[in-house]
Amino acid sequence: MSEREASPSGKGKLALYWAASCGGCEIAVLGIDDKILQVAEAFDIIFWPCVMDGKVRDVEKVPDKGIDLCLFNGGIRTSEQEYMARLLRRKSKVLVAFGSCAHEGCIPGLANLSSKEEIFQTAYHDTPSTDNPQGVEPQPETKVPEGTLHLPVFYDTLKTLDQTVPVDYYLPGCPPEPERIWDALTAILQGELPPPGSVIGATTTVCEECQRTRHEKKIKEFKRTWQIIPDPDTCLLEQGLICAGIATRAGCGALCPQVNSPCIGCYGPNEGVQDFGACMMSAIASVIDSDDPEEIERIIEQGIPDPVGTFYRFSLAHSLLRRGRLKGSGNGRVPVVADAAVEEG
Amino acid sequence: MAERVGVYVCHCGSNIAGVVDVEAVARWAEANLEGVVVARDYKFMCSSLGQELVKEDIEKEGLTRVVVAACSPHLHEKTFRRACAAGGLNPYYFQMASIREQVSWVTEDRAQATQKAKMLIAGAVQRVLHHQALEPSQVPVNEHTMIVGAGIAGIQAALELADAGHPVYLVEREPSIGGHMAQFDKTFPTLDCAACILTPKMSDVDAHDNIKLLSYSEVEEVSGFIGNFHVRLRKKARYVDEDTCTGCGICIEKCPKKVVDEVFEAGLGYRKAIYRPFPQAVPKYPVIDTESCIYFERGTCKACEKFCPTGAIDFEQQDSMMELDVGNIVLATGFRLFDCTRIPQYGYGRLANVFTSLEFERMGNAAGPTGGRIVLRDGVTEPKSVAIVHCVGSRDSRHHPYCSAVCCMAALKFGHLVLERTQAEVYSFYIDIRTPQKGYEEFYDRLQEEGMHFVRGRVAEITDAARSPGEEGKLIVQVEDTLIGRQRRVPVDMVILMGAMEPRLDAKEVAVRFGISCSMDGWFIERHPKLDPVATMTDGVFIAGTCQGPKDIPGSVAQGAAAAARVQGMISRGTVLIEPVVASIDESKCSGCRICNDLCPFNAIDYLEQEGVSRIQTALCKGCGTCVAACPSGAITGAHFNDEQIMAEIEGLLYDVLHTNGAQAPAEEPAPA
Ligand SMILES: Cc1cc2nc3c(=O)[nH]c(=O)nc-3n(C[C@H](O)[C@H](O)[C@H](O)COP(=O)(O)OP(=O)(O)OC[C@H]3O[C@@H](n4cnc5c(N)ncnc54)[C@H](O)[C@@H]3O)c2cc1C
Ligand code: SF4
Ligand code: SF4
Ligand code: SF4
Ligand code: SF4
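What counts, and at which threshold
- All residue numbers here refer to positions counted from 1 along the written sequence of the relevant chain.
- For this description, chains carry letters from A and ligands carry numbers from 1, given in the order in which they are written.
- Only residues with pLDDT of at least 70 get local features here, since the model is predicted, and only at 80 or more are side-chain atom pairs given and counted; chain-wide, interface and lining totals rely on the full set of residues.
- For the side-chain quantities, the full set of heavy atoms in the structure was used; hydrogens and water were omitted.
- Only C-alpha atoms enter the line fits that serve as axes; for helices the fit covers just the stretch in contact. Angles between N-to-C directions range over 0 to 180 degrees.
- Helix and strand assignments come from DSSP, with helices taken as H or I runs of at least 4 residues and strands as E runs of at least 2, each series counted from the N terminus.
- Handedness of a crossing follows from how the near helix is turned relative to the far one, being left-handed for an anticlockwise turn of less than a right angle and right-handed for a clockwise one.
- Any two residues having at least one pair of non-hydrogen atoms within 4.5 Å are treated as being in contact.
- Here, proximity means that at least one heavy atom of the residue falls within 4 Å of the molecule or strand.
- Residues are grouped as follows: Ala, Val, Leu, Ile, Met, Phe, Trp, Tyr, Cys and Pro are nonpolar; Asp, Glu, Lys and Arg are charged; every other residue, Gly included, is polar.
- Grouping into patches uses exposed residues only, defined as over 30% relative accessible area, and leaves out salt-bridged ones; the cut-off is 9 Å for like charges and 5 Å for nonpolar side chains (Val, Leu, Ile, Met, Phe, Trp, Tyr).
- Note on areas: Shrake-Rupley with a 1.4 Å probe; residue coverage comes only from the protein chains shown.
- Any carboxyl oxygen of Asp or Glu that lies within 4 Å of a side-chain nitrogen of Lys or Arg is treated as forming a salt bridge with it.
- For the charge count, each Lys or Arg is scored as positive and each Asp or Glu as negative, with His and the chain ends excluded.
- Charge positions come from single atoms, namely NZ of Lys, CZ of Arg, CG of Asp or CD of Glu.
- Planes of paired rings set the category: under 30 degrees apart is stacked, over 60 is edge-to-face and the rest tilted, where pairs are Phe, Tyr or Trp rings (Trp by its six-membered ring) whose centres lie within 6.5 Å.
- A 1.4 Å probe rolled over the protein chains alone gives each residue an accessible area, and that area as a share of the maximum for its type sets the label: buried under 20%, exposed over 50%, partly exposed in between.
- A positively charged side chain is recorded as over a ring if its NZ (Lys) or CZ (Arg) lies within 6 Å of the ring centre. The angle to the ring normal must also be within 35 degrees.
- Here a polar contact is taken to be a pair of N or O atoms separated by no more than 3.5 Å, where protein atoms must pair a possible hydrogen donor with a possible acceptor and residues adjacent in sequence count only if both atoms sit in side chains.
- Summed over both partners, the accessible area lost on bringing two parts together, with a 1.4 Å probe, is the buried area.
- A pair of strands is labelled paired if DSSP reports no fewer than 2 bridges between them.
- Every residue is assigned a pLDDT by the predictor, reflecting its confidence on a scale from 0 to 100.
- Residue types Ala, Val, Leu, Ile, Met, Phe, Trp, Tyr and Cys, when buried and joined through side-chain atoms within 4.5 Å, form a set referred to as a nonpolar core.

Draft legend 1. Quick peek at the packing of helix H6 (residues 152–163) of chain B against helix H15 (residues 553–573) of chain B. Residue and element names in this part refer to chain B. H15 packs onto H6 with a crossing angle of 35 degrees between their chain directions and a minimal axis gap of 8 Å. Crossing of H6 over H15 shows right-handed handedness. Residues Ile152, Ala153, Gln156, Ala157, Glu160 and Leu161 of H6 pack against Ile553, Ser556, Val557, Gly560, Ala561, Ala564, Val567 and Gln568 of H15.

In structure tokens:
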């Protein structure tokens, strides 16, 4: 932080932003408890819409690179989020993709299996709780007697932060564990940063942190979590539950396996792995205990009814496929990026 | 330093140049591909002049990377790696683009072929930029060799090596060595007495200082790698102490229990409960068959023990385990005979006077159950007519598609024996007579002269249901004689079925144990069907004889000797180079999930309990990439096939896509809503 802008307080400037995400990341920041005071000691928090009032125009007025650190959570689904991403990128020295959504798209990214029309159809018309007798849908422009109202454009495709602007660091997790947030903040405060572009975290996977005993793996049948009460001491995968701990970056302390539930992969892929789902699939495929194509098909079809949701739950938007095939060209602003073969449903 | 890449486009005579515009491709590569400083086309890159070109350019142009676009890496990757090494470049700074097999041979349109060749070269150039220098590692070769299976092929290999001064362990699962050949009377086409040529070799084995014979033994586990195999084997209990037994055979004489000998006598003769398969058996020590021994069944008898002059009988003996370290392994586990009951319409097992070829071999053998007399199942009646049915289970889509290679000749041999020893008429029912080796066609001519009848056609049925008085009491061979285009019924007294040669029942298990592969039929697969017939894809494991496929004795012997020569080559070199294209595990990334542990086809991966990580034994790894693809931690990297290299190659292959519409203008910052 040597070249930190001199501010009246002599502290660095911190911004936090919330784009397409559930809000858990905001709470996770508070999860560092009283250490938040140390953060406040080191930084002036100049922009944090979730917690304090602030205006976009104030950010626009900050000189370029005037923000020392920006923790950006959420993916990019609307034109407003895209604008904020570009703005904060320009204004920040260090931009961190904070949490799974900004990093990999996370659950909002699963909507990349659908088009904007389909999403609107579900959200504004079809769900049982929708009460919309006039069939209103949000429009980018609406004329009212007082003038024209603007709403952000909703894109067909959710993009991750680094598919939108260059990102300096990634903090994985849904949400990131408070200890890891603190580790990252400490590293940033002390200037002990890894090379730009790195994920700040472990370089091995959840199994490393998991206390369960494991053996050579041979799987004859996959089970859903509701079908068995797993033995608490043996590797869950060996018991037929698809545990993503094998492929998921360590950092959480194997929270889910600890409570007898398989890892679902929120910490994303390990260092050097490009496509989390592909990586999971080739690992799982390797340990199916059969040489008979028909039996293999049966094992997979019965045990893994939702392959995209199972293997790409957090990472579809950031995968090599990025999204399901769009019928027609879609009317979102974002062009169809990949001709993905992921079928919907 | 920016890399300097040389690209060489081979014409392969007109093989490539006939379809691909090689000059244009070379010019294009030089003009467009990043890093390319020289690009040439040349008639035959694999010629010494072509290789010289590469070498010279490395020296004069300071090339740091080389790409040759020619045939396939399978054929000439080694050639060009050598050329690079000759020019002083690490051989792994080389990449080959296959523009013959993958382009000119499979693409008709000249423009398309030329474009495709360009893209493959773009892929190779981008890839080679990411190559790393690799060095092979050296391991010493243990001088001991283990030969598994002591039929004629294994015996030959053992003697060759032992005579050359190298120590050999010869492992045989049966009580005696000799294999199938020990069961025969005569051998085609010379009609040598099988025993006369085999038993001297067997006793040489027994007496040889350099051969340790481990009979009645089986390999249970093999670990390690070329030059350094570790083998665990089980020596089955004979209940006879080999150190005290003199092989006098009194025990056999005194044993009161007689049983049918299903193995050596093919069910045609008897042996005792304590037995030697045949008088000249090597080793000479008998063995007790606990299934038929009265003592093992009822707890009394012990006649053998009572009469043994040296007290060698030991009813308490147990199987014992042995561990051996050897440098090379030769598998010579032979074949088995087709089970003729699988073709019920031929009546074997149901019609008494239908015999298998092995039964007939024993019958024809002067030391066999009938003393060499050719008789019907009753043991006394000489047949007046004999039918020999070829291709039983061979050349038959329901059983084995292949030709068993020796049955025609063995059938002729049988015909000769029948004609020589009886008054019978002999009929051969064949599809095609196959006599391709030295002296074989002449033997066929001889049998035609001797009066053997030949009927061309696959036998439909053998039955004892007579349709005319002439057929009463006979076996009737129903066949379509394809030379005259008519159905025929030939009544005979005796039928011999020439069953197919088959892989051993446990061939697949044995292959897995030794880390080699089997064909769909179950024969062990050689490294190259023409150019490397006794090596396998697993270095240090060789195959010889009929375990590789049907063949005759000369062929088996030649392979035994060839395998021995290959082993000697390894031993005299003293060390072997291990290919550096192997996988390795980054232990800091490995989470110990154990996904990879059971996947390696070469058992190269160990799990280290203490450290909680997996490790690859480099010398065992063949670089197949199975584990690399499976590791969900991305902890395993395949040298020469890492992600970076593969992605670069893919990007290169997509050169035209990325260069025509790839570069999208950066989207401008959208206006705030
Ligand atoms: C009916 C018939 C007649 C024939 N007549 C002739 C002829 O006249 N002339 C001619 O040239 N060819 C003839 N052949 C072909 C000849 O039999 C073979 O070419 C020859 O015997 C092959 O020898 P081999 O060593 O490969 O196999 P085998 O003779 O089968 O020997 C293999 C040995 O390995 C042992 N073994 C197997 N598995 C294991 C294991 N896992 N561990 C330890 N030991 C094991 C077996 O017990 C056996 O001793 C004839 C074949 C048949 C079927
Ligand atoms: S339960 Fe999951 S995290 Fe634990 S060892 Fe098994 S696969 Fe790994
Ligand atoms: S175990 Fe897996 S899903 Fe659960 S918190 Fe950890 S990384 Fe996330
Ligand atoms: S698959 Fe990868 S992470 Fe798992 S044990 Fe093997 S090397 Fe380690
Ligand atoms: S690359 Fe193939 S041979 Fe090498 S360790 Fe992995 S699985 Fe085994």
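Draft legend 2. Molecular detail of the site of ligand 3. Taken together, the neighbourhood of ligand 3 is formed by A:Thr248, A:Cys252, A:Cys256, A:Pro257, A:Cys263, A:Ile264, A:Gly265, A:Cys266 and A:Tyr267. The residue makeup of the shell around ligand 3, split by class, is seven nonpolar, two polar and no charged.

Draft legend 3. A negative patch on the surface, seen in detail. A cluster of acidic residues, A:Asp291, A:Asp292, A:Glu294, A:Glu297 and A:Glu301, forms a negative patch at the surface. Note on placement: A:Asp291 falls in the loop between helix H10 (276–286) and helix H11 (293–303).

Draft legend 4. Highlighting the packing of aromatic side chains. All names here are of chain B. As enumerated under the stated definition, the model contains 17 aromatic pairs over all chains in all. Their ring planes at 25 degrees and their centres at 6.4 Å tell us that Tyr427 and Phe429 sit as a pair that is stacked. Judged by its relative accessible area of 1%, Phe429 is buried. Aromatic ring contacts, followed pair by pair, group Tyr239, Tyr295, Phe296 and Phe315 into a single cluster. Just above the ring of Phe641 sits the side chain of Arg127; from NZ or CZ to the centre is 5.0 Å. The ring of Phe184 has Lys413 lying over it, and the distance from NZ or CZ to the ring centre is 4.7 Å.

Draft legend 5. A look at the side chain of B:Arg276. All names here are of chain B. Mapping Arg276 onto the fold places it in the loop between strand E15 (274–275) and strand E16 (287–288). For the buried Arg276, which has no salt bridge, the nearest side chain bearing the opposite charge is Glu253, at an N-O separation of 8.4 Å. Among the polar contacts listed, one links the side chain of Arg276 to the backbone oxygen of Lys284, at a separation of 2.7 Å. In this structure Arg276 touches Gly247, Gly249, Ile252, Ala281, Lys284, Tyr285 and Pro286, once residues within four positions along its chain are discounted.

Draft legend 6. Quick peek at the interface of chain A and chain B. Taken residue by residue, the interface counts 32 residues in chain A and 26 residues in chain B. Carbon and sulfur atoms make up 54% of the surface buried where chain A meets chain B, a total of about 2400 Å² over both sides. The largest contributions to the chain A side of the interface with chain B come from A:Tyr83, A:Arg86 and A:Glu216, which together make up 21% of the buried area. For the pair chain A and chain B, the number of links is one salt bridge. Notably, a salt bridge pairs B:Asp598 with A:Lys218, separated by 3.1 Å at the nearest N-O pair. Joining chain A to chain B, the criterion identifies 10 residue pairs in polar contact (both at pLDDT 80 or more). Looking at the side of chain A that touches chain B, the elements that each hand over two or more residues are helix H4 (79–91) and H10 of chain A. Looking at the side of chain A that touches chain B element by element, the count peaks at five residues for H4(A). Counted by class, the side of chain A that touches chain B contains 11 nonpolar, 11 polar and 10 charged residues.

Draft legend 7. Focus on the sheet that holds strand E21 (residues 385–392) of chain B. Residue and element names in this part refer to chain B. In space, the five strands of this open sheet follow the order E20-E27-E21-E22-E23, with parallel pairing throughout. The two strands at the open ends of the sheet, each matched to only one other strand, are strand E20 (354–356) and strand E23 (453–456). The average angle at which neighbouring strand axes cross in this sheet is 25 degrees, direction not considered.

Draft legend 8. Region of interest: helix H11 (residues 357–364) of chain B. Residues and elements named next belong to chain B. Burial within H11 is extensive, with eight of its eight residues counted as buried. Those residues of H11 lying buried are Ser357, Leu358, Glu359, Phe360, Glu361, Arg362, Met363 and Gly364. Looking at the buried residues of H11, the elements they touch are strand E8 (186–187), strand E19 (335–337), E20, helix H12 (407–421) and strand E27 (494–499).

Draft legend 9. Highlighting the confidence of the model for chain A. Residues and elements named next belong to chain A. Per-residue confidence for chain A averages 90 on the pLDDT scale, and 92% of its residues sit at or above 70. A low-confidence stretch, residues 1–6 stays under pLDDT 50, and its non-local contacts, those more than four residues away or across chains, total 15 contacts. Every residue in residues 330–345 scores below 50 in pLDDT, and together they form 33 contacts with partners more than four places removed in sequence or on other chains.

Draft legend 10. Just the side chain of A:Arg323, in detail. All names here are of chain A. As for its position among the elements, Arg323 is in the segment after helix H12 (307–311). Asp156 provides the closest opposite charge to the buried, salt-bridge-free Arg323, at an N-O distance of 5.1 Å. Of note is the side chain of Arg323, whose polar atom sits 3.0 Å from the backbone oxygen of Asn112. Among the polar contacts listed, one links the side chain of Arg323 to the backbone oxygen of Asp156, at a separation of 3.1 Å.

Draft legend 11. Structural view of the nonpolar core. All names here are of chain B. Within the largest apolar cluster, 100 residues are counted, with the highest numbers of intra-cluster contacts made by Phe360, Ile388 and Ile616. Not counting residues within four places of it along the chain, the set of residues in contact with Phe360 comprises Ile374, Phe414, Leu417, Val418, Met494 and Ile496. Ala26, Val103, Ala113 and Met119 belong to the second-largest nonpolar core, a separate cluster that totals 49 residues.

Draft legend 12. How the structure looks around the sheet that holds strand E25 (residues 475–481) of chain B. Residues and elements named next belong to chain B. Pairing in this open sheet of three strands is antiparallel, and the strands run E24-E25-E26 from one edge to the other. Both outer strands of the open sheet, strand E24 (459–463) and strand E26 (486–492), are each paired with one neighbouring strand and no more. Each strand axis lies, on average, 20 degrees off the axis of its neighbour in the sheet, ignoring direction. Looking at chain direction, E25 and E26 are connected through seven bridges and run antiparallel. Within E26, the position partnered with Gln478 by the bridge is Arg489.

Draft legend 13. Spotlight on unusual backbone geometry. Cis rather than trans, the peptide bond between A:Cys174 and A:Pro175 has omega equal to -10 degrees. Here A:Pro175 is to be found in the loop between strand E9 (169–171) and helix H8 (178–189). Residues other than glycine seldom take positive phi values, yet A:Asn260 does so here, at roughly 65 degrees. Turning to its location among the elements, A:Asn260 is positioned in the loop between helix H9 (255–258) and H10. Since its relative accessible area comes to 24%, A:Asn260 is described here as partly exposed. In the Ramachandran plot, B:Lys302 falls in the positive-phi region, its phi being about 50 degrees despite a non-glycine side chain. Among the structural elements, B:Lys302 can be located in the loop between helix H9 (294–298) and helix H10 (303–307).

Draft legend 14. Fine view of a nonpolar patch on the surface. A cluster of nonpolar side chains, A:Leu320, B:Phe641, B:Ile646, B:Met647, B:Ile650, B:Leu653, B:Leu654, B:Val657 and B:Leu658, forms an exposed patch at the surface whose accessible area comes to about 720 Å². Of all the elements in the fold, those that place two or more residues in the nonpolar patch are helix H17 (643–653) and helix H18 (655–660) of chain B. When residues in the nonpolar patch are grouped by element, the largest group, four residues, is from H17(B). Inspection of the secondary structure puts B:Leu653 in helix H17.

Draft legend 15. Representation of the pairing of E25(B) in the model. All names here are of chain B. The element E25 is extensively covered by neighbouring structure, given that six of its seven residues are classed as buried. Where E24 lies against E25, four bridges are found, and the strand directions are antiparallel. What sits directly across from Thr463, in E25, is Ile476. The turn linking E25 back onto E26 is made up of four residues, and Gly485 within it adopts a positive phi angle of 65 degrees.

Draft legend 16. Quick look at the environment of A:Ile242. All names here are of chain A. Here Ile242 shows up in the loop between H8 and H9. Ile242 gets classed as buried once you look at its relative accessible area, which sits at 15%. Sequence-wise, Ile242 and Gly303 are 61 residues apart; in three dimensions their C-alpha atoms are separated by 9.0 Å. Not counting residues within four places of it along the chain, the set of residues in contact with Ile242 comprises Phe222, Leu237, Pro262, Cys263, Met280, Ile284, Ile304, Thr310 and Phe311.

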